[in-house]
Amino acid sequence: MLDVLGLGPDDERVYRALLGRPDSTATALADLLVLPQDHVDTALSRLVEWGLATRSADERFTAAPPAMALGALISQRRDGLRMAEHALVAFAEEHRAAMTGDSISDLIEVVTGVDAIRHRFLQVQQAARTQVRSFITAPFVALSPDENTAEPVAIGRGVHFRAVLDRAVLAEPGIIDDAIESLRRGVQLRVADELPMKLVLADTDLGLVPLTVTPDGEPGAVLLHRSGLLDALDALFETVWRTAHPLELSGTGGEAEPTVELGATGPTDLDRRILALLLAGLTDQTAAAQLGLSPRTLHRRLRHLTDMAGVRTRMQLGGYAVRHGWVGPP
């Protein structure tokens with residue numbers, strides 16, 4: 001847990017042990033943790049050096065209060081990251097200036113292999129300062145949405161995310177749960193009937209476009225720097241975004257089927273999720289499976305919504321739902 005602050009596994013174990021056992025000796029800690037004596041000695045030296053522990057004259061150790069000691073380390077790391085971000089901006093500007101007027105080969109980098117594509121995919125998001133936009137299609141070659149660790153980190157520093165999902169992606173196992181989690185974090189999601197490619201854009205500076213599998217069987221991608229081609233992909237995303245259907249799943253608590261209740265004055269949160277998925281183009285069976293419902297329960301909910309709206313057909317229900325704010329407008 002504390003490895004992000006530079007502590008190793010032994011350091012963290014020794015510190016945790018010290019928290020409840022002040023005035024412990026290195027020998028007692030080694031016996032308690034079943035660690036070699038030299039490992040404990042090294043960990044204690046590091047903890048004392050970082051201000052996480054104090055050493056008495058008789059070689060007894062006490063943990064420093066976490067709020068004070070760890071808080072100081074976190075502040076130092078935060079300051080360091082802020083300085084690194086400032087350096088990144090400066091380096092990016094120098095790189096961009098150096099590339100002005102260079103050849104096509106300097107504006108396009110070919111990336112081959114799953115690991116390399118995954119690394120570049122995370123890097124592109126980490127490089128974003130204001131926004132990340134993406135097209136999400138199946139199959140997931142290098143990284144599935146639930147493995148995208150860069151998204152929550154970027155959101156935490158204020159980067160805005162927009163993504164368009166290919167309708168076929170909504171049938172992938174677990175994708176609705178991933179979408180709900182992204183929506184909770186503030187990501188804007190829309191659904192298109194069909195997307196032309198996979199794509200991720202960082203601001204107007206970088207773009208990653210996965211390609212088909214190469215002749216030797218490895219997946220490939222191209223990393224694009226600021227250029228006319230990147231401007232075209234920027235325009236393509238915005239065009240698709242304007243015509244895609246918003247995916248807005250309210251009340252994303254993952255209710256179990258037995259807790260479904262009829263709304264007296266309007267649709268329940270589960271009803272809104274059902275409508276959003278059906279309007280996005282999922283079949284009844286797929287929507288029921290994604291929400292953990294039986295088809296019979298889904299049909300019962302739809303009949304109730306039809307009666308509530310005073311309409312007869314699914315098409316009329318969809319129009320009524322959009323007009324009355326049950327779901328977002330297309």
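Residues numbered from 1 in each chain as written. Predicted model: local features only at pLDDT ≥ 70, side-chain atom pairs only at ≥ 80, totals over all residues. Heavy atoms only, no water.

Per an unreviewed UniProt entry, the recorded name for the protein chain is Transcriptional regulator TrmB, and the organism is Streptomyces virginiae.

Caption draft 1: Representation of the overall build of the protein chain within the structure. Assigned secondary structure in the protein chain consists of 13 helices and 10 strands. Across the 330 residues in the protein chain, those meeting the buried criterion constitute 42%. The contacts in the protein chain between residues at least 6 apart in sequence include a share of 69% that link residues at least 24 apart. For the protein chain, the accessible area works out to roughly 17,500 Å², and carbon and sulfur atoms hold 56% of it. (Helix = DSSP H or I, 4+ residues; strand = E, 2+ residues; numbered from the N terminus. Buried < 20%, exposed > 50% of the residue type's maximum accessible area, 1.4 Å probe, protein only. Contact = heavy atoms within 4.5 Å. Areas by Shrake-Rupley, 256 points an atom, 1.4 Å probe, with all protein chains shown as cover.)

Caption draft 2: Representation of the packing of aromatic side chains within the structure. Here the structure, examined in full by the defined rule, presents three aromatic pairs. With a centroid separation of 5.4 Å and 25° between ring planes, the pair formed by F135 and F237 is classed as stacked. Taken together, the residues span a long stretch of sequence, with F135 in strand β4 (residues 131–136) and F237 in helix α9 (residues 228–243) at a distance of 102 residues. In this pair, the class of F135 matches that of F237, namely buried. Pairing F237 with W241 gives two aromatic rings, centres 5.9 Å apart and planes at 20°, and the pair type is stacked. One end of the pair is F237 and the other is W241, both in helix α9 and four residues apart, which spans about a single turn. In this structure, F237 and W241 share a single accessibility class: buried. Ring-pair connections join several aromatic residues into one group, and the members of that group are F135, F237 and W241. A cation over a ring is seen here: R162 above W241, with NZ or CZ 5.1 Å from the ring centre. (Phe/Tyr/Trp six-rings, centres within 6.5 Å; stacked < 30°, edge-to-face > 60°. Lys NZ or Arg CZ within 6 Å of the ring centre and 35° of its normal.)

Caption draft 3: Quick look at the nonpolar core. With 48 residues, the main nonpolar core has L170, L247, I274, L317 and W326 as its most contacted residues. Broken down by element, the residue count for this core peaks at six residues, all from helix α10 (residues 269–279). What I274 contacts, discounting residues up to four positions off in sequence, is L291, L293, L298, R301 and L302. Counting residues in each nonpolar core, the second largest holds 20 residues, with L7, A26, L29 and V40 among its members. (Core = buried A, V, L, I, M, F, W, Y, C linked by side-chain atoms within 4.5 Å.)

Caption draft 4: Geometry of the side chain of D205. Along the polypeptide, D205 turns up in the loop between β7 (199–202) and β8 (206–213). A polar atom in the side chain of D205 sits 3.4 Å from the side chain of R129. (Polar contact = N/O pair within 3.5 Å; in protein donor to acceptor, adjacent residues only side chain to side chain.)

Caption draft 5: Spotlight on the packing of helix α12 (residues 295–309) against helix α13 (residues 314–323). The geometry of α12 relative to α13 is characterised by a closest axis approach of 10 Å and an angle of 65° between their N-to-C directions. As judged from the angle between their axes, α12 and α13 are roughly perpendicular. The hand of the α12/α13 crossing is left-handed. Contacts between α12 and α13 involve H299, L302, L305, T306 and A309 from the first element and R314, L317 and Y320 from the second. In terms of residue class, the contact of α12 with α13 is made up of five nonpolar, two polar and one charged. (Axes fitted to C-alpha atoms, helices over the stretch in contact; angles between N-to-C directions. Parallel < 35°, antiparallel > 145°, perpendicular 65-115°, else oblique. Left-handed = near helix turned anticlockwise from the far one by under 90°. Nonpolar A, V, L, I, M, F, W, Y, C, P; charged D, E, K, R; others polar.)

Caption draft 6: Representation of α13 within the structure. Here α13 has its buried residues at L317, G318, Y320 and A321. Down the axis of α13, the buried side of the element spans an arc of 165°, and every buried residue falls inside it. Seen from the buried face of α13, the exposed residues on the opposite side, beyond 90 degrees, are M315 and R323. Against the buried residues of α13 lie α10 and α12. Directly beyond the C-terminal end of α13, a positive phi value near 75° is found at G325. (Arc of directions from axis to C-beta.)

Caption draft 7: Main features of the pattern of salt bridges. Within this structure, the stated rule accounts for 16 salt bridges. A salt bridge links R120 to E109, with the shortest nitrogen-to-oxygen separation between them at 2.7 Å. Residue R120 is located in helix α6 (residues 114–127), and its partner E109 is located in strand β3 (residues 108–112); the two are separated by 11 residues in the primary sequence. Across the salt bridge formed by D284 and R314, the nearest N and O atoms sit 2.7 Å from each other. In this pair, D284 sits in helix α11 (residues 284–291) while R314 sits in helix α13, placing the two residues 30 residues apart along the sequence. When its relative accessible area of 45% is taken as the criterion, R314 is described as partly exposed. A single network of salt bridges, built from pairs that share partners, joins R133, R162, D234 and E238. (Salt bridge = Lys/Arg side-chain N within 4 Å of Asp/Glu carboxyl O.)

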